[in-house]
Amino acid sequence: MIDDTIPRPVVTQETYVRWTGISCAIGAWLMTQLSPKVLTLVINSSDAKEYADEAFATIKKLALRNDHVLARTTSVEALMTDRQRYPTVKAFVESFYDKVTICNNLGLGITPYFSLQWLIHHLRDDLPVWLEIYESTLPRDAAAKLTEDDLHRFINTASEKGREAELYHASNLHAAVKTNTR
């Protein structure tokens, strides 16, 4: 259905009505899989998008190409990820990493080391002691040798440490409230 090199059935063929319904349904489903930003680009595009193969071609053209506007928008969105907008460290780091992954899929080449340093900077208030210890263990050549696996380990550990800190602060808040209500 999404391969536009396979001819569509002709209107006079008995499979045409069924094909049309399925193709439109697949095209609609494809649209539901898009981020709001990419969906807006697709909807506002003058390209055909009624049938699955048309929708897929339009999505591919707009979302999967290395377009300067899309690259700029996506990279700025990643770098403007605001810690205050996320309730947990885990939600924050995962959101940032998802945006970085999109940037890298567009060919922007955001390195694991850059991502790590950006996260360290933005998590200082949440995890100051752990981050000082973590940074002190980074090798001198980390900028050149840090891998995606290293970044994943950092993200997972930061998420765990964030959860521990959030539970600690919540229990202290609960204890303070309990003390004040006596």
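Residues numbered from 1 in each chain as written. Predicted model: local features only at pLDDT ≥ 70, side-chain atom pairs only at ≥ 80, totals over all residues. Heavy atoms only, no water.

Re the environment of Leu 123
Turning to its location among the elements, Leu 123 is positioned in helix H6 (residues 112-123). In the structure, Leu 123 is positioned 40 residues away from Arg 83 in sequence and 7.8 Å away in space, judged by C-alpha atoms. Here Leu 123 is in contact with Arg 83, Val 89, Phe 92, Val 93, Leu 131, Phe 154 and Ala 158, once residues within four sequence places are set aside. (Helix = DSSP H or I, 4+ residues; strand = E, 2+ residues; numbered from the N terminus. Contact = heavy atoms within 4.5 Å.)

Overview of the pattern of salt bridges
Under the counting rule described, the total for this entry stands at eight salt bridges. Residues Arg 83 and Asp 126 are paired through a salt bridge, measuring 3.0 Å at the closest nitrogen-oxygen approach. Pair noted here: Arg 83 is in the loop between helix H4 (68-79) and helix H5 (89-105) and Asp 126 is in the loop between H6 and helix H7 (128-136), with a separation of 43 residues, a long-range link. A relative accessible area of 26% places Asp 126 in the partly exposed class. One salt bridge in this structure joins Glu 94 and Lys 90, with 3.9 Å as the shortest N-O distance. With a gap of four residues between them, Glu 94 and Lys 90 both fall in helix H5, about one helical turn apart. Overall, the relative accessible area of 37% leaves Glu 94 in the partly exposed class. The exposure class of Lys 90 is partly exposed, given its relative accessible area of 44%. (Salt bridge = Lys/Arg side-chain N within 4 Å of Asp/Glu carboxyl O. Buried < 20%, exposed > 50% of the residue type's maximum accessible area, 1.4 Å probe, protein only.)

Re H7
Among all positions in H7, only Trp 130, Leu 131 and Tyr 134 are buried. Buried positions in H7, seen along its axis, are confined to an arc of 95 degrees and lie on one side of it. Residues of H7 that are exposed and point more than 90 degrees away from the buried face comprise Val 129 and Ser 136. (Arc of directions from axis to C-beta.)

Thoughts on the nonpolar core
Leu 116, Leu 119, Leu 123 and Phe 154 are the most contacted members of the largest nonpolar core, which totals 27 residues. With seven residues, the top contributor of residues to this core is H5. (Core = buried A, V, L, I, M, F, W, Y, C linked by side-chain atoms within 4.5 Å.)

A few points about the domain arrangement of the protein chain
By a widespread convention, an interface's size corresponds to the accessible area lost as its parts come together. Looking at the protein chain, the domain boundaries give domain 1 (14-67) and domain 2 (81-180). Distance between the C-alpha centres of domain 1 and domain 2: 36 Å. (Domains from an automatic or database assignment.)

Quick notes on the packing of H5 against H6
Two quantities define a packed helix pair, namely the angle between the helix axes and the distance between the axes. As a packed pair, H5 and H6 sit with axes 11 Å apart at the nearest point and diverge in direction by 150 degrees. Accordingly, the angle class assigned to the pair H5 and H6 is roughly antiparallel. Crossing geometry of H5 relative to H6 is assigned as right-handed. Between H5, through Val 89, Phe 92, Val 93, Phe 96 and Val 100, and H6, the contact on the second element is made entirely by Ser 115, Trp 118, Leu 119, His 122 and Leu 123. By residue class, the composition of the contact of H5 with H6 is eight nonpolar, two polar and no charged. (Axes fitted to C-alpha atoms, helices over the stretch in contact; angles between N-to-C directions. Parallel < 35°, antiparallel > 145°, perpendicular 65-115°, else oblique. Left-handed = near helix turned anticlockwise from the far one by under 90°. Nonpolar A, V, L, I, M, F, W, Y, C, P; charged D, E, K, R; others polar.)

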